[in-house]
Amino acid sequence: VLLCLIPFAGTIFGFVGHDPVVMKYEVIYFSTLCFGAFPAIASSAMSGFFSGRSETWPIMWINIAATGVNIVFDYLLIFGHFGFPEWGIMGAGAATVFSAVFSFFAFLTLALKRRYADEFGTRRGWRYDRELFGRLIKYGLPNGVQFFLDVAGFTVFLLLIGRLGTDSLAATNIAFNINTLAFMPMFGF
């Protein structure tokens, strides 16, 4: 679904009414992230398997490692160090995609270990199961909708602030990032 949005990125961000230079970078970053949507979503789903089993240590270590991958590739791809291309904002998006791919393969490797394969059928249980899918929707959909509304609310707010100008948008993004330091540890607890 997200791949299908790429051709409409210019229209979507044009509708928002941000400064043309900001809009250009928004389109590039959004389009790049859409390519990495599958591994990011799949990683989130697979981390749910481990958190549902109260095994939060693997989630923490994989996320720390994925953050390290993101930081390293940000350095390499934004600025073009060590022979890598200097991609700027596209490099920032590509680093995030590489991080998601790393996280996906780390969770997949762990989930396919014999221990989980024997107990939960992680190697053989890939067929559609209507009853199981129904339970997943019953318990997961309300949480997913709530999370979507939280993220959508912040996103709409930022898009509206961007209409006030580039400085207002930058200041709001900085304030939101600082605010994240306050509430993210609470999510962890």
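Up top is the structure.
Everything numeric here is computed off the predicted structure, so don't read it as measured data.

Draft legend 1. Region of the structure containing the layout of surface pockets. For the second largest pocket, the calculated volume is near 1200 Å³. As for the second largest pocket, its lining consists of 24 residues, of which A45, G125, W126, L132 and L136 are closest to the centre. Elements represented by at least two residues in the lining of the second largest pocket include exactly α4 (37-52), α6 (89-111) and α8 (130-162). Examining the composition of the lining of the second largest pocket, we find that seven residues originate from one element, α4, more than from any other. Classifying every residue of the lining of the second largest pocket gives 17 nonpolar, three polar and four charged.

Draft legend 2. Quick peek at the packing of aromatic side chains. Tallying each qualifying case throughout the model produces 13 aromatic pairs. Relative to Y116, the ring of F49 has its centre 5.5 Å away and its plane inclined at 80°; by these criteria the two rings are edge-to-face. In this pair, F49 is assigned in helix α4 and Y116 in helix α7 (residues 114-120), connecting sequence segments 67 residues apart. On the basis of relative accessibility, which here comes to 24%, the residue F49 falls in the partly exposed class. An angle of 85° between the planes, with centres 5.4 Å apart, marks the rings of F50 and Y116 as edge-to-face. Of the two residues, F50 is situated in helix α4 and Y116 in helix α7; the sequence distance between them amounts to 66 residues. As far as the burial class goes, F50 and Y116 line up, both buried. Linked through ring pairs, F49, F50, F107 and Y116 together constitute an aromatic cluster.

Conventions and cut-offs
Residues numbered from 1 in each chain as written. Predicted model: local features only at pLDDT ≥ 70, side-chain atom pairs only at ≥ 80, totals over all residues. Heavy atoms only, no water. 1 Å grid on protein atoms, 1.4 Å probe; cavity = no way out; pocket = protein on both sides within 12 Å on 5 of 7 lines; lining within 4 Å. Points joined across faces, edges and corners; volume = space filled by probe spheres on them. Helix = DSSP H or I, 4+ residues; strand = E, 2+ residues; numbered from the N terminus. Nonpolar A, V, L, I, M, F, W, Y, C, P; charged D, E, K, R; others polar. Phe/Tyr/Trp six-rings, centres within 6.5 Å; stacked < 30°, edge-to-face > 60°. Buried < 20%, exposed > 50% of the residue type's maximum accessible area, 1.4 Å probe, protein only.

By themselves, these observations are geometric and do not establish any function.
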